[in-house]
Amino acid sequence: MSPSSTQSTQTLAASWQRNGTIDLINKELPPIAPGQVLVKVAASGLCGTDLHICRGETPHAAQKVIIGHELSGYVHAIGENTVTGLKVGDLVAVDPNIHCHACTYCRNAKPHLCQAPQAIGVTTDGGMSQYVNVPVSAAYKVPEGVSAEVASLAEPLSCVVHAVDMGNITSGSHVIVLGAGPIGTMTVALAVSSGARVTVVDPHESRRKVAKETFGAAVTLTPAEAKDIKESFDVVFECVGKPEAMQQAVDMAKAGGTIVWVGVAKTEDRVSISPFEVYRRELTIKSSYTNHFSMERALNLLANDQIDWSQLISHTYSLEQFDTAWKVFQSKTGMKICVKP
């Protein structure tokens, strides 16, 4: 326990106060509980989930929650009677997913499918804040040589690691990724490193350029150029979260191919699929939900200097500049928007 662990902490934070807006507020965090660490946030990324929360499209999100589930920071204090190998000053990345450890999924090595999950930045206060309390089990020490900004990519990359695992990519296979935002571009990078020839589709020229020149996509297409492609790819990753893209992903898969839906759709969205076509072409359709024991693997990838992950971060702002950061994020003209409290 550190001297400050029994004191409350005042923090500036970005919070979902009402549908349609994220507001900067001052909030007092509670004292650190046993089993928690207080993290002084160094970098926090904006994600499509934050936009869903802002619009009221995330059913389990808590009203007035501080957003921010992609974060890194420095251990500032450690709760009383907390057993940990961490020490004050350590740089950590945070896994926002908190599991109940009591349901059938948690007890059968599938905690990401927990029936009673909590999530930092969704159901409990998150890292778009100067400070945040997190369970010690959620704090992963960052390898030497990885910056705080790059470490904030660990959570989204851990989700992509799980998605790419679901795709079962083999060397020399043809892979297409729909969407070249941060998640799609991370998918491109891991698919390329798996030995695949990768095509990426995105409407934004700047994103297509990053996917090709920095992360190794062999071919880049606009949606118009890709709209008539049928039965051409061994593995298709949908990283947009829109029904039309999910339908297109099924159409693009070769017979015997695999489709992985990675993007987050709205709860009311529906996709029309021909069961006969799935049967005739022997397709495998999978979804990928959050991360599955993949945070450490993500951090190891971030520490691998063969890929310059910093190129995913296109804009950096202070927390006081959050309104500007939010506007740029919504414009989709950049890649990852990083806020540094």
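Where an unreviewed UniProt entry is consulted, the chain appears under the name Enoyl reductase (ER) domain-containing protein, with the organism given as Umbelopsis vinacea.

Take the overall build of the chain next. Of the regular secondary structure elements, the chain holds 10 helices and 17 strands. Expected size for 341 residues packed as a compact globule is a radius of gyration near 20 Å; at 20 Å, the chain falls within 12% of this value. For the chain, the spread of C-alpha atoms along the three principal axes comes to 65 × 45 × 40 Å. Sorting the 341 residues of the chain into buried and exposed places 51% on the buried side. Partitioning the contacts of the chain with sequence separation of at least 6, the portion at a separation of at least 24 is 67%. For the chain, the accessible surface area stands at approximately 15,200 Å², while carbon and sulfur atoms represent 49% of it.

A word on the environment of Val-88. With respect to the element layout, Val-88 can be found in the loop between strand E4 (70-78) and strand E5 (91-94). A C-alpha to C-alpha distance of 57 Å links Val-88 and Glu-277, two positions 189 residues apart in sequence.

A separate point is the state of the cysteines. As enumerated under the stated definition, the model contains 0 disulfides in all. As a non-bridged cysteine, Cys-100 has Cys-114 as the owner of its nearest cysteine sulfur, 3.5 Å distant.

Attention now moves to the sheet that holds strand E13 (residues 233-238). Reading across from one edge, E12-E11-E10-E13-E14-E15 is the order of the 6 strands in this open sheet, with parallel pairing throughout. Whereas interior strands pair on both sides, the edge strands pair on one side only; in this sheet they are strand E12 (219-221) and strand E15 (284-287). When strand polarity is set aside, the average angle formed by the axes of neighbouring strands in this sheet is 15°. Inspection of the sheet shows strand E10 (residues 174-178) paired to strand E11 (residues 197-201) by 5 bridges, in the parallel sense. Residue His-174 lies in a different strand from E11, and its bridge partner there is Arg-197.

UniProt's entry tags residues 17-339 with the feature "domain: Enoyl reductase (ER)" (unreviewed entry), counted in the numbering of this structure. Span residues 17-339 is 26% helix and 27% strand, its end C-alpha atoms 19 Å apart.

Here we take up helix H5 (residues 205-213). Listed as buried for H5 are Arg-207, Arg-208, Val-210 and Ala-211. Buried residues in H5, looked at end-on, bunch into an arc of 160°, giving them a common side. Of the exposed residues in H5, the ones pointing more than 90 degrees away from its buried face are Glu-205 and Glu-213. Residues of H5 that are buried sit in contact with helix H4 (182-193), E11 and E12.

With that out of the way, let us pick up the nonpolar core. The tendency in soluble globular proteins is for nonpolar side chains to be buried side by side. Residues Leu-157, Ile-169, Val-175, Val-177, Phe-237, Leu-302 and Trp-309 are the most contacted members of the largest nonpolar core, which totals 46 residues. A per-element tally of this core places helix H3 (residues 154-167) first, with 6 residues. What Phe-237 contacts, discounting residues up to four positions off in sequence, is Ala-163, Val-164, Gly-167, Ile-169, Val-175, Ile-176, Val-177, Leu-178, Thr-187, Val-260 and Val-262.

We now examine the packing of aromatic side chains. Enumeration over the complete set of coordinates arrives at 4 aromatic pairs. Here the aromatic rings of Phe-215 and Trp-309 are separated by 6.1 Å at their centres, their planes lie at 40°, and the arrangement is tilted. Here Trp-309 lies in the loop between helix H9 (295-303) and strand E16 (313-318) and Phe-215 lies in the loop between H5 and E12, a separation of 94 residues in the sequence. Taken individually, Phe-215 and Trp-309 each receive the classification buried, so the pair is uniform in this respect.

Together, Tyr-105, Leu-113 and Tyr-289 line one region of the surface with nonpolar side chains, adding up to about 280 Å² of accessible area. With respect to the helices and strands, the residue Tyr-289 is situated in the loop between E15 and H9.

In this structure, Asn-81 takes a positive phi of about 60° despite not being glycine. Mapped onto the fold, Asn-81 is located in the loop between E4 and E5.

Tracing the backbone through its elements, the reader meets His-112 in the loop between strand E6 (97-98) and strand E7 (118-119). Beyond its immediate stretch of four places on either side in the chain, His-112 contacts His-99, His-162, Tyr-289, Thr-290, Asn-291 and His-292.

Before going further, it helps to examine the pairing of E10. Summarising burial for E10: 4 of the 5 residues are buried, a large majority. Direction of pairing for E10 relative to E13: parallel, over a ladder of 4 bridges. Paired with Val-177 across the two strands is Phe-237, which belongs to E13.

Turning our eyes to something else, we now look at the packing of H3 against H9. In the contact formed by H3 and H9, the axes pass within 8 Å of each other and the chain directions differ by 105°. Here H9 runs roughly perpendicular to H3, going by the angle between their axes. Across the interface between the two elements, Ala-154, Glu-155, Leu-157, Ser-158, Val-161 and Asp-165 of H3 pack against Met-295, Arg-297, Ala-298, Leu-299, Leu-301 and Leu-302 of H9. Of the residues assigned to the contact of H3 with H9, the class counts are 8 nonpolar, 1 polar and 3 charged.

Rules used throughout
Residues numbered from 1 in each chain as written. Predicted model: local features only at pLDDT ≥ 70, side-chain atom pairs only at ≥ 80, totals over all residues. Heavy atoms only, no water. Helix = DSSP H or I, 4+ residues; strand = E, 2+ residues; numbered from the N terminus. Rg over C-alpha atoms; globule rule 2.2 N^0.38 Å. Buried < 20%, exposed > 50% of the residue type's maximum accessible area, 1.4 Å probe, protein only. Contact = heavy atoms within 4.5 Å. Areas by Shrake-Rupley, 256 points an atom, 1.4 Å probe, with all protein chains shown as cover. Disulfide = S-S within 2.5 Å. Pairing = 2+ DSSP bridges. Axes fitted to C-alpha atoms, helices over the stretch in contact; angles between N-to-C directions. UniProt positions renumbered as here; feature names shortened; annotations may be inferred. Arc of directions from axis to C-beta. Core = buried A, V, L, I, M, F, W, Y, C linked by side-chain atoms within 4.5 Å. Phe/Tyr/Trp six-rings, centres within 6.5 Å; stacked < 30°, edge-to-face > 60°. Patch = residues over 30% accessible without salt bridge, like charges linked within 9 Å, V, L, I, M, F, W, Y side chains within 5 Å. Salt bridge = Lys/Arg side-chain N within 4 Å of Asp/Glu carboxyl O. Parallel < 35°, antiparallel > 145°, perpendicular 65-115°, else oblique. Nonpolar A, V, L, I, M, F, W, Y, C, P; charged D, E, K, R; others polar.

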